[in-house]
Amino acid sequence: MDRIDKILSHHGFGSRKDVKKLLRDELVTVNGKFVYDSGFQLDISKDSVVVGDEEIKLQHDVYIMMNKCKDVVCANKDGEHRTVFDLLDDSLRHKFLGGDLHCMGRLDIDTEGLLILTTDGKLTHRLLSPKTHAPKTYAVGLRDSLTEEEKQKYAEKFTKGFWIDREGNEEGFDAQPSEIQFTMHNEEFRIEEGEVSPYARTSLRSTPSPKGVPLKSPKIDCLLTIYEGKFHQVKRMFAQLGNEVVYLKRVKMGQLELDPKIPLGGYRELSQEEISLLSE
């Protein structure tokens, strides 16, 4: 149970003073009855709230799946680049009951794909904790094509784990065993490059395709699943083997796959079933 002024304020209806005015003006009903007291206690799991003519979806935490595009960073603010939060509609640009939206893990500025934005700090901590070893799967495009013999050598390396040299100020580390799957078909994880979200304004290719014209699909050489999250880990693993990652897209976190219907730079809220997949 929480005060109605707190709940509506955290759902984007301005300050608590603004909410009090809505109540005085008879613009708020709870379960069909006008509410005037700003201290009225709401049960967001049971009560129905209407503001004006709009029924409000009450929720403590928010879970958003985004198909991150290139050239945006996973940060709240950045003096040089746009952030993933700049892609969000104004209706999501406020504090929620569960707190502020944050990124559940990060993707590099040139990496696309599955990014979860949420207010649920407990779930984020559990999923990203090194003790959890939550799998993350990436579609990888490589600079150098591989022969069947080279693929076998790569597979042996990734399966056993191997040393990764330091990068800049980042220490070297022993990469834990991972799973690599070579594929010639983008359908493996339904990787699609359709229209770009109007919020994105940029994409992997610097100019979005005309409406209705699909972008050229990237070359995918393999799918790599890792169980840790070191700095630039996927790129550094392939660099250690003398190759270079030229395209990278996260397609799965835990048991949750990226919805291929979400355009680059687009997003939608997770279903309860999808939230459960993240919790497994």
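Computed from a predicted structure; not experimentally measured. (Residues numbered from 1 in each chain as written. Predicted model: local features only at pLDDT ≥ 70, side-chain atom pairs only at ≥ 80, totals over all residues. Heavy atoms only, no water.)

S.K.: Even after reading the chapter, I still don't get the overall build of the protein, so can you show me in this structure?
M.R.: In terms of helices and strands, the protein carries six helices and 19 strands. Across the 280 residues that make up the protein, the buried fraction comes to 47%. If you take every contact in the protein between residues at least 6 apart in sequence, the share linking residues at least 24 apart comes to 68%. Split by element, the accessible area of the protein, about 15100 Å² in all, is 49% carbon and sulfur. (Helix = DSSP H or I, 4+ residues; strand = E, 2+ residues; numbered from the N terminus. Buried < 20%, exposed > 50% of the residue type's maximum accessible area, 1.4 Å probe, protein only. Contact = heavy atoms within 4.5 Å. Areas by Shrake-Rupley, 256 points an atom, 1.4 Å probe, with all protein chains shown as cover.)

S.K.: Mind showing me how you'd approach the pairing of strand S12 (residues 136-142) here?
M.R.: Burial within S12 is extensive, with seven of its seven residues counted as buried. Covered by surrounding structure in S12 are Lys136, Tyr138, Val140 and Leu142 together with Thr137, Ala139 and Gly141, the residues of both alternating faces. As judged from the five bridges shared by S12 and strand S16 (residues 222-226), these two strands associate in the antiparallel manner. Within the sheet, the bridge partner assigned to Ala139 lies in S16 and is Leu223. (Pairing = 2+ DSSP bridges.)

S.K.: It is not clear to me how the pattern of salt bridges should be interpreted in this structure. Could you clarify?
M.R.: A side chain of one charge can pair with a side chain of the opposite charge when the charged atoms of the two come close. Enumeration over the complete set of coordinates arrives at 17 salt bridges. Ionic pairing is found between Asp5 and Arg16, a salt bridge with its closest N-O pair at 4.0 Å. Note that Asp5 is positioned in helix H1 (residues 4-10) and Arg16 in helix H2 (residues 16-24), a separation of 11 residues in sequence. Exposure remark for Asp5: the relative accessible area of 1% places this residue in the buried category. In this structure, the salt-bridge partner of Glu269 is Lys57, at a minimum N-O distance of 3.5 Å. Placement of Glu269 in strand S19 (residues 267-269) and of Lys57 in the loop between strand S6 (54-56) and strand S7 (63-68) is noted, with a sequence separation of 212 residues between them. According to the relative accessible area criterion, Glu269 is partly exposed, its value standing at 33%. Look at Lys57 and you get exposed, because its relative accessible area is 53%. (Salt bridge = Lys/Arg side-chain N within 4 Å of Asp/Glu carboxyl O.)

S.K.: Would you explain the sheet that holds S6 in this entry?
M.R.: The strands making up a sheet are joined through hydrogen bonds of the backbone, oriented either antiparallel or parallel. On the basis of which strands lie adjacent, the open sheet formed by four strands has the order S3-S2-S5-S6 and antiparallel pairing. Edge positions in the open sheet fall to strand S3 (33-34) and S6, since each of these has one partner strand only. Of the strand pairs in this sheet, strand S2 (residues 28-30) and S3 are connected by two bridges, and their pairing is antiparallel. Bridging from a neighbouring strand, Thr29 pairs with Phe34 of S3.

S.K.: Before we go on, may I ask you to explain the environment of Phe34 in this structure?
M.R.: Among the secondary structure elements, Phe34 is positioned in strand S3. Relative accessible area serves as the criterion here: at 44%, Phe34 is assigned to the partly exposed category. Spatially, the C-alpha atoms of Phe34 and Arg24 are 9.6 Å apart, while their sequence positions differ by 10 residues. Excluding residues within four positions of it along the chain, Phe34 makes contact with Glu26, Val28 and Thr29.

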